[in-house]
Amino acid sequence: MGKSRKAEKPEKITQVVVIGTSAGGLDALKELISQISNDFPLPILVVRHISPDATGNVVLDQLNKLNSVKCQHAQSGINLKPGNLYLAPSDQHLLIGGDRKMLVTKGAHENRSRPAIDPLFRSAAVAFGSGVIGILLTGYLDDGTSGMKAIKKCGGICIVQDPDDAEYPDMPRNALNNIEVDYCLPIADMGDLLTKLIQRKLQKSKPVPENVLVEAKIAERVLSDLSSVNELGDQVPFNCPGCGGVLWKVGKDSDLRFRCHTGHSYTAAYLLAEQTNKIEETLWTALRMFEEHKNLLTEMARGKKGVGSHTALERAKTSQVHIDRIKAILKTEENVSGDDRPK
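Residues numbered from 1 in each chain as written. Predicted model: local features only at pLDDT ≥ 70, side-chain atom pairs only at ≥ 80, totals over all residues. Heavy atoms only, no water.

## Some details on the side chain of Asn111
And then number 1: Within the fold, Asn111 resides in the loop between strand E6 (102-105) and helix H3 (117-128).
And then number 2: Separated by 2.9 Å, the side chains of Asn111 and Asp143 make a polar contact. (Helix = DSSP H or I, 4+ residues; strand = E, 2+ residues; numbered from the N terminus. Polar contact = N/O pair within 3.5 Å; in protein donor to acceptor, adjacent residues only side chain to side chain.)

## Comments concerning the pairing of E6
And then number 1: Pairing of strand E5 (residues 93-96) with E6, which is carried by four bridges, proceeds in the antiparallel orientation. What sits directly across from His93, in E6, is Thr105.
And then number 2: Hairpin connection of E5 to E6: five residues between the antiparallel strands, including Arg100 at a positive phi of 65 degrees. (Pairing = 2+ DSSP bridges.)

## A short note on the sheet that holds strand E12 (residues 257-259)
And then number 1: Overall, antiparallel pairing links the four strands, which are arranged E10-E11-E12-E13 in an open sheet. Both outer strands of the open sheet, strand E10 (233-239) and strand E13 (265-267), are each paired with one neighbouring strand and no more. On average, each strand axis in the sheet is tilted by 35 degrees relative to the strand beside it, whichever way the strands run.
And then number 2: Pairing of E12 with E13, which is carried by three bridges, proceeds in the antiparallel orientation. Along E13, the bridge assignment pairs Arg257 with Thr267.
And then number 3: Strand contacts of helix H9 (residues 268-302): E10, strand E11 (246-250), E12 and E13, with the helix running at about 100 degrees to E13, the strand carrying the most contacts. (Axes fitted to C-alpha atoms, helices over the stretch in contact; angles between N-to-C directions. Contact = heavy atoms within 4.5 Å.)

## Considerations on the confidence of the model for the chain
And then number 1: Model confidence for the chain is summarised by a mean pLDDT of 89, while 93% of its residues fall at 70 or above.
And then number 2: Confidence drops under pLDDT 50 across residues 338-343; counting only partners more than four residues distant or on other chains, this segment forms 18 contacts. (pLDDT = per-residue confidence, 0-100.)

## Observations regarding the packing of helix H1 (residues 25-33) against helix H2 (residues 57-64)
And then number 1: One way to put it is that H1 packs onto H2 with a least axis distance of 10 Å and a crossing angle of 25 degrees. The angle between H1 and H2 falls in the class roughly parallel. Our pair here, H1 against H2, has a crossing hand that is right-handed. Taken together, the residues of H2 that come into contact with H1 (itself represented by Leu26, Leu29, Lys30 and Ile33) are Val59, Gln62 and Leu63.
And then number 2: Its residues placed into classes, the contact of H1 with H2 shows five nonpolar, one polar and one charged. (Parallel < 35°, antiparallel > 145°, perpendicular 65-115°, else oblique. Left-handed = near helix turned anticlockwise from the far one by under 90°. Nonpolar A, V, L, I, M, F, W, Y, C, P; charged D, E, K, R; others polar.)

Structure (structure tokens):
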């Protein structure tokens, strides 16, 4: 019998590119990936905010038409390969594990998203340190800012799309307002920059900060308990919109974020947007109940005479007062809503 072939060892990967985007992301990704040759020597991992009922196939089809790197959905346990782009599947987080293999998980939503950008960026920072190149593109609100901070703290490179070049400038602008990024430039210039960066001599990775490591493990579902979150901050009198549990404050000032012990995580902007949505839902429920209450009292008044009819009509008028007040609040909320993220 012939000798059995030894299994080929996977190529050792020391660098990785991670990209995060949201609204306007398809066009931005097409413009960026079109500048990358099919022999690009690094793996590329991408998170684009996407609704749970979407497949992401449209994105992959569009990117694969560019004849650039091979684009595919990420799969758990797969080794990263150069010249391949891995897109986070809908309704699942994409992470890099401690063994530098991909993890695709059903962990708790972060910043109301799954997949979310921060978990990918954070896990890449822990796994690759100074070998990470993080790119943040167009999108609403501020997912990605915390993850960019983790990349920076671990010695990686942070690249942000020029807000003036972004279709939706919130995400790039929030990152610029909170991080000293390495590069801020239009997408059209990113291809040449990547070519230069992959040839750089890697600096020694910085020690991973304990809070970054803990949050990365929570995202992997390795940790999900009170003691883990207690290490990150103090409890605050707010409830988690995702599960109703207690929230802990993580960071302060421009780095202010909130996390519950089950894994849900919010920047201050996302928490405010979620609270705004919950308030609106409650008001619409109250409006419906008061209108039903008024209608029932009006119907009862028709079948009564004297004091009974008068009392029912007075109570119906009181309900109408509440109805008018709720409608006024809802009208105000329409004008000052804190959630501008597309559904």
